[in-house]
Structures are given as C-alpha cells and as structure tokens.
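Take a look at the letters that make up each chain.
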Amino acid sequence: MPLPLLHGGSMVVGPLSHGALASFARHLAIGYVAGGTGAAVVYPMDVVKTRMQADTSGRYTSALHCAKQALAEGRLYAGLKAQLIGVAPEKMLKLTAYSAALPVAYDLCGYHGWGPGSDVSIAAEAMAGAVGGFAQVMITCPIEVAKISQQLGGDSCAPYRGLLCTWARDIPSAAIFFAVYAPLYHQLLENGTSVFLASLLAGVVAGVPAAALPTPFDVVKTRVQASGSPFRNGLECLQSILSSTEEAPVAALSAGAGARIARLAPQLGITLSLYSALETNFK
C-alpha cells in the first residue's frame, strides 16, 4: 500500500459508518491482491533464505544449490498458503499504525502542523515506520511460525514463539524502509516520474537496506521458530552462534542475506506499485 495514500490522505478509518466500512473493505481487498502478488512472485527466495539460515551443518554451498535442493524436493513454494492468508491483514495493520503515528512523529521532530504535502522528515518517517513494524508483528509472528515449519518440515511450535526476535527484526526493518522510501518517492515525483514507477523504484531501493541490515535478527528468529529448535529464546540462540566452533559467527548471522534482499526488495516494489495502480483504477 503506497505512501501516496498516507501523505496525500490518511488511511486511518474513522467512525464505523457505511462509507468508512466500504473504504476499509476496498483497501483490504486491494491490499490482498497487491500483497499476495508481490509475495507469490518472489516466494521461492523466501524458502531459500529460511533453509540457508537454519543450516548449521554446511549442507548448502550457495543460494542456487539450496534452490535446486528445494525444487528437487518439491518444496520451493512450501508455506506460501500461510503467507497469502496473512499478507492483507498484516500490511493493513502495519500501514494503519504507520499512518496514525505520522502526525505525532512529525510533531516530535519539530514539524508542527504537519499534513499532506508537508516536507519529508527522515527521522519522523523512521519513527512512524518503527510503530508500524511493531504493530504488524502481532500478525507476522504466527504467520512466520507456520510458514517456517512448512518450509523446513516438521510440526509448528507455539504461534508466538520468537515474538521478541520478530520485533527485533521488523521494527528496525520498517523504520529503515520508510526513512529511505518517503524522501526518494517524493523526489521521484518531483522529477516527473509517474506514481506507479515512483512506487516501484522507491520500494525496491528502500527494500535493500531494510532487508539486509536486520538479517542477523532474522537468522536468530528462524532458528528459534524452527520445528524442534533447542533454543528457548533469541538470546540463547545468539550466544550459541557466537560461541560455536562449527560455524563462523559472522557467516552464520549473515546467512541468507542475499536471498532476503532478492525477496524483500522486489516484493515491496511490486506490492506498492501494484497497489497504487489498483487504487487509482478501482475507486
């Protein structure tokens, strides 16, 4: 769901009037189509990312080798159903929280009287993005647990296992994304770029650091949420990685970074641009 909706008019739903409910339903439907499409197109990279992060024995020599193994096992799209079920409410919750936090964040950063069309503050965008990332985890965490169990095989663990790890990943990721996306998106529009293309380009570019930098937290989260995980919490998992004599800590904590970027950056660009196109054509 693209920033134009949030900087050109709030997505926050007011009183539950018939019109407000209809608008919410439309945003939810469009968000499902856009988010589901973005997730499905690049989903195999998510499977590769998860398998490489959970690999403690050096089974995979590269992302390509991992992808070939998953394909041979018929598991290249394992867990996609769980992802598709949760994608719309997850993004709606994230962006509604982000939208609600924007005026407060701008006020705290000294942009009093902020509103649509005001100057972009990177700090305020990061703060509002962090709020969105915090909110979405209540839906993201159980989705991740179900998805990882299907990607790796085995039974699902408790739905909110690894909750703190998921927060540690998604709060900075969302903060980084919006801090990069907002100014870049507006700069592209000022240069005459269409809303569709500006959303696509800004989403892809902002998705790179948003995916790469929190990778260590994602590795820890994956190992904690894996079926049969011996770790009670993220701290215990992190200590195990740092003290391991079987795998290099730096390599372990950056495992799957390339696959994570290859999944998240295009997924965000596709979702945002497709949402902007659908929202424009289905008012």
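Residues numbered from 1 in each chain as written. Predicted model: local features only at pLDDT ≥ 70, side-chain atom pairs only at ≥ 80, totals over all residues. Heavy atoms only, no water.

### Notes on the overall build of the protein
Looking only at helices and strands, the protein has 12 helices and 0 strands in total. In the protein, the succession of α and β elements from N to C terminus is α-α-α-α-α-α-α-α-α-α-α-α. Its C-alpha atoms give the protein a radius of gyration of 19 Å, near enough to 19 Å, the size a compact globule of 283 residues would have. When the backbone C-alpha atoms are referred to their principal axes, the protein occupies close to 55 × 35 × 35 Å. Relative to all contacts within the protein whose residues are 6 or more apart in sequence, the contacts with residues 24 or more apart total 76%. (Helix = DSSP H or I, 4+ residues; strand = E, 2+ residues; numbered from the N terminus. Rg over C-alpha atoms; globule rule 2.2 N^0.38 Å. Contact = heavy atoms within 4.5 Å.)

### Looking at helix H10 (residues 234-243)
Listing the buried residues of H10 in full gives Gly-234, Cys-237 and Ile-241. Here the buried residues of H10 occupy an arc of 65° about the axis, which is enough to place them on one side. Away from its buried face by more than 90 degrees, H10 exposes Leu-235, Leu-242 and Ser-243. Tucked inside the fold, the buried residues of H10 contact helix H7 (163-190), helix H9 (215-225) and helix H11 (249-253). The N-cap residue of H10 is Asn-233: its side-chain oxygen and the backbone nitrogen of Leu-235 are 3.2 Å apart. (Buried < 20%, exposed > 50% of the residue type's maximum accessible area, 1.4 Å probe, protein only. Arc of directions from axis to C-beta. Polar contact = N/O pair within 3.5 Å; in protein donor to acceptor, adjacent residues only side chain to side chain.)

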